[in-house]
Number of protein chains: 2
Amino acid sequence: MPSINENFLKLEKNYLFINIAKKVNAYKEANPDADIIRMGIGDVTQPIAKCVVDAMKKGADEMGVKETFKGYEDSGTGYDFLKEAVSGYYNSFGVTVSPDEIRINDGAKADCGNIVDIFGDDNVVLITDPAYPVYVDTNLMNGRTVIYADSNEENGFAAMPDESVHADLIYLCSPNNPTGSAYTASQLKTWIDYALKNKAIIIYDAAYEAFITEDIPRSIFAVEGARQCAIEMCSLSKTAGFTGMRCGYTVIPKELSVIASNGTEVSISDLWGRREGSKFNGVSYPVQCAAAAVFSEEGLKQTKENIKYYQQNAKVISAALDELGIKYTGGKNSPYIWLKCPNGMGSWEFFDKLLNEANVVGTPGAGFGKNGEGWFRLTAFGDAERTKEAMERFKKMKF
Amino acid sequence: MPSINENFLKLEKNYLFINIAKKVNAYKEANPDADIIRMGIGDVTQPIAKCVVDAMKKGADEMGVKETFKGYEDSGTGYDFLKEAVSGYYNSFGVTVSPDEIRINDGAKADCGNIVDIFGDDNVVLITDPAYPVYVDTNLMNGRTVIYADSNEENGFAAMPDESVHADLIYLCSPNNPTGSAYTASQLKTWIDYALKNKAIIIYDAAYEAFITEDIPRSIFAVEGARQCAIEMCSLSKTAGFTGMRCGYTVIPKELSVIASNGTEVSISDLWGRREGSKFNGVSYPVQCAAAAVFSEEGLKQTKENIKYYQQNAKVISAALDELGIKYTGGKNSPYIWLKCPNGMGSWEFFDKLLNEANVVGTPGAGFGKNGEGWFRLTAFGDAERTKEAMERFKKMKF
């Protein structure tokens, strides 16, 4: 009989969002007429920009004509037209990343999870807590030791390295999911210096960079030293509403390498390429056409409108919390508002109260790690009217 | 410094098709005017059926309208409309698979490679040789022991189990890539009985099932006992020209389970679901719309036309080889023709000769395993005129 990967048995039984869905479904069954407003899972609601839809349709049409039909991509790492568009996008905020350092994928989650394949299981993995569950779970699946850097009220939910602790792999997410806090250049420099001292690699999740409004880095590669120690993952999910379209990108600097136990220098890009060559066949051509259109002048313009729409929601949420005197972070450089549950309530306790009394669904902070207990995440990705309605209900609740 | 997964260092340096691409590119650089005909990588050339393109465009349009916009899929395992269509397709050839046993993916390669994650690294993995390199490489990446069942001239390239050998995981591909041979129901029953006796799990790759013309199983689930020991992976790549569209499906029977070391019964479907929940976010909605259209009446009709086109190519290739007295398998239930290199030539020797003298690219059998040495794969996926031209050149070669 095949043995299973027993590390799976040590994982939390259910994925956070599956748990939430179960609770919401149970509530709906018991209260079929309830008008539930979802501000839980970080999913967008605004439609895809017209020029992006048109580009996808043009790509689909090309697939229907022999002369323009596309089969397997030669490289499986993305078409040049899209890699060049992503490179140009980085340039637009002052970061130089060459097209051949960019790999197109079907969303940041897959690469974020699959990157564990290329590293040894003896690595010490440092993850800020609270964090997106994928970082922790995918490392636990490989039986790795995970240590945590606390993000908490004291440090404004911006964990910084503890110089007395060693790590080999470091996961950072900025603007942060779930806390909405975002690192400044000087904070990132501290992390980079720590990584270089430890010869560690930073896996940097920049999925929310498009929401940055202040003068802080939109890419870790905006900060000196990052090319020697970092991989960056980003996605069009939140930038351009691609959660159902599925396209993202990973940047691996050419010079990033490690020394194997036999003394050979191994390029991280080559190693990841070998992994992907055996387990991935590239992103759908029409999806890549759509993604490239996001980075066109018209695409960026239309996309920015959607982001402004969500930012307005964030202001509505923030204003309501200010009115209630509830403490929170995020909302400014992020679509997430991370609030302290009133009256010392626990995260799931507050989840139930909000669901039962206001029919509003949010995400319990405890689902993101121990420092999330007592905190709660709301997203600004909803419909504007529904967000206003949710915050009106919120304000009427008795705490 | 992070340690790498050192198993990667034990892999062949380059993936087979990357090696071929390098050789072809070098030849093209030296001979810029050469008119090269590609019959190497198993990529299709006929465009996507019109009704499938239309369905994708409709899906794209829906993404551009708020009321019909789709974000994350709730389950990430595929929309019901597509799972029901796949289930109906199975029914059409007499196999019962329920929609909730079907998981939609971005192509069989990803699931085929990623399935290794859920099993322990101490498993003995049995792979028929020659084989699609993904089976071997993805297991070697996890440091597993791989043993082989020989497919060779003596057994008509249809390896059968050796009852004296134990295995925990078994990879079968029928119709086979690269040899084009296909198992009969009775041969599959022998494999299933062997798997049940060993309490092993069969990972069955049915990617070429649409090419079956004889009365043999199109799914392992057509054979009794398979639900207790098999997972099936299939893809629209070869069925409907989806190599650049990216959509496939994996079938995991509900009752398939193993006993973990702590004595608990673990469902394979749950285990895989946990893996995918952390590392995958579903397939692009418009791609799923396109895939569902493949299984509509019109879609199946248009798709069958393409398959007939390729089957005609297979006849052209077979006829030329018959004329030359070259031995081969495949072509009948498969788009692949697996030929014995003339005059005892080695696979790569014949590759070079065919490239240099006829400007035809094929795939050296040695790239698929030791039993492939001295054999060579041609694909029927090309343009009809070009396939004829290739075989005319082939016939003019001096062996």
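Just above, that's the structure.
For the structure given in this document, a descriptive report is provided here. (Residues numbered from 1 in each chain as written. Chains lettered and ligands numbered in written order. Predicted model: local features only at pLDDT ≥ 70, side-chain atom pairs only at ≥ 80, totals over all residues. Heavy atoms only, no water.)

Residues and elements named next belong to chain A. Pairing within the open sheet is antiparallel, and its four strands lie in the order S11-S12-S15-S14. Two strands bound the open sheet, and with one partner strand each, they are strand S11 (328–330) and strand S14 (363–364). Helix H9 (residues 297–324) rests against S11, strand S12 (336–340) and strand S15 (375–379) of the sheet, and its axis sits at about 15° to S12. Lying over the sheet, helix H10 (residues 347–358) contacts S12, S14 and S15, oriented at roughly 45° with respect to S15. (Pairing = 2+ DSSP bridges. Helix = DSSP H or I, 4+ residues; strand = E, 2+ residues; numbered from the N terminus. Contact = heavy atoms within 4.5 Å. Axes fitted to C-alpha atoms, helices over the stretch in contact; angles between N-to-C directions.)

Ring pairs (aromatic) are described by centroid distance and by the angle formed between their planes. All names here are of chain B. Tallying each qualifying case throughout the model produces 48 aromatic pairs over all chains. Centre to centre, the rings of Tyr 79 and Tyr 285 are 5.3 Å apart; their planes meet at 75°, and the pair counts as edge-to-face. One end of the pair, Tyr 79, is in the loop between helix H2 (50–63) and helix H3 (80–92); the other, Tyr 285, is in helix H9 (residues 285–294), with 206 residues separating them in the sequence. Using a relative accessible area of 16% as the deciding quantity, one classes Tyr 79 as buried. (Phe/Tyr/Trp six-rings, centres within 6.5 Å; stacked < 30°, edge-to-face > 60°. Buried < 20%, exposed > 50% of the residue type's maximum accessible area, 1.4 Å probe, protein only.)

In this section: the side chain of A:Asn7. Residue and element names in this part refer to chain A. The residue Asn 7 is located in the segment before helix H1 (16–30) in this model. Within the structure, the side chain of Asn 7 is placed 3.0 Å from the side chain of Asn 5, a separation counted as a polar contact. The contact partners of Asn 7, leaving out residues within four places of it in the chain, are Leu 140, Met 141, Asn 142 and Gly 143. (Polar contact = N/O pair within 3.5 Å; in protein donor to acceptor, adjacent residues only side chain to side chain.)

All right, on to the environment of B:Gly71 then. One can find B:Gly71 in the loop between H2 and H3. Note on B:Gly71: relative accessible area 13%, which makes it buried. Non-local contacts of B:Gly71, meaning those with residues more than four positions away in its chain, are made with A:Asp43, A:Thr243, A:Gly244 and B:Tyr79.

Turning our eyes to something else, we now look at the sheet that holds strand S6 (residues 201–205) of chain A. Residues and elements named next belong to chain A. The seven strands lie next to each other as S2-S8-S7-S6-S5-S3-S4, forming an open sheet whose pairing is mixed. Of all strands in the sheet, those with a lone pairing partner are strand S2 (102–105) and strand S4 (145–150), marking the two edges. Strand-to-strand twist in this sheet, taken as the mean axis angle between neighbours without regard to direction, amounts to 20°. Packed onto the sheet, helix H3 (residues 80–92) meets S2, strand S7 (230–235) and strand S8 (248–251) and runs at close to 115° relative to S2.

Quick look at the relation of the copies chain B and chain A now. By a simple turn and slide, chain B fits onto chain A: the slide is 0.0 Å along the axis, the RMSD is 0.0 Å, and the turn is 180°. Such values leave the two copies arranged in the relation of a two-fold axis. When each C-alpha of chain B is compared by its distance to the rotation axis, B:Lys57 comes out closest, at 2.6 Å. Residue by residue, 100% of the interface of chain B is reproduced at the interface of chain A, so both copies engage with the same surface. (Least-squares fit on C-alpha atoms with pLDDT ≥ 70 in both.)

This brings us to unusual backbone geometry. Look at the link from B:Ser174 to B:Pro175: it is a cis peptide, with omega at -10°. The backbone phi angle of A:Asn359 is positive, close to 55°, even though this residue is not glycine. Relative to the elements of secondary structure, A:Asn359 occurs in the loop between H10 and strand S13 (360–361). With relative accessibility at 14%, the residue A:Asn359 sits in the buried group.

Next up on the list: the pattern of salt bridges. For the coordinates displayed, the defined rule picks out 55 salt bridges over all chains. B:Arg393 is paired through a salt bridge with B:Glu389; the nearest N and O atoms lie 2.8 Å apart. Within this pair, B:Arg393 and its partner B:Glu389 are both found in helix H12 (residues 384–396), separated by four residues, close to a single helical turn. Relative accessible area serves as the criterion here: at 16%, B:Arg393 is assigned to the buried category. Each of the salt bridges in this network shares a partner with another, and the network as a whole consists of A:Asp35, A:Arg386, A:Glu389 and A:Arg393. (Salt bridge = Lys/Arg side-chain N within 4 Å of Asp/Glu carboxyl O.)

Looking now at the environment of A:Leu236. Residue and element names in this part refer to chain A. You can see Leu 236 is positioned in the loop between S7 and S8. With relative accessibility at 1%, the residue Leu 236 sits in the buried group. As a C-alpha pair, Leu 236 and Gly 113 span 123 residues in sequence and 17 Å in three-dimensional space. Once residues lying within four places of it in the same chain are set aside, the contact partners of Leu 236 are Gly 241, Phe 242, Cys 247, Gly 248, Tyr 249, Ala 291, Val 294 and Phe 295.

A few words on the interface of chain B and chain A. Taken together, the 86 residues of chain B in the interface contact 86 residues of chain A. A buried area of about 6900 Å², summed over both sides, lies between chain B and chain A, and 57% of it is on carbon and sulfur atoms. Three residues stand out in chain B for area buried against chain A, namely B:Met1, B:Tyr72 and B:Arg274, and they jointly supply 12% of the buried area on that side. Taken together, the links from chain B to chain A amount to six salt bridges. (Buried area = accessible area lost by both parts, 1.4 Å probe.)

Two faces belong to every sheet, and in a regular strand the side chains alternate between them. All names here are of chain B. Here strand S12 (residues 336–340) lies mainly inside the structure; four of its five residues are buried. Where strand S11 (residues 328–330) meets S12, three bridges bridge the pair, whose relative direction is antiparallel. Among the inter-strand pairings, Thr 329 is bridged to a residue of S12, identified as Trp 338. In sequence, S11 turns back onto S12 through a hairpin of five residues, with Gly 331 there showing a positive phi of about 90°. Bridge analysis of S12 against strand S15 (residues 375–379) gives five bridges, and the strand direction is antiparallel. Directly across from Leu 339, in S15, lies its bridge partner Phe 376.

Residues and elements named next belong to chain A. One can find Tyr 336 in strand S12. For the pair Tyr 336 and Asn 262, spaced 74 residues apart in sequence, the C-alpha separation works out to 45 Å. Here Tyr 208 takes part through its side chain, which lies 2.7 Å from a polar atom of the side chain of Tyr 336.

Residue and element names in this part refer to chain A. With five of its five residues buried, S15 lies for the most part within the structure. Residues Trp 375, Arg 377 and Thr 379 line one face of S15 and the alternating positions Phe 376 and Leu 378 line the opposite face, and both faces are buried. Across two bridges, the pairing between S14 and S15 is antiparallel. By the bridge assignment, Thr 363 is partnered in S15 with Arg 377.

That's the geometry; what it means functionally is another story.
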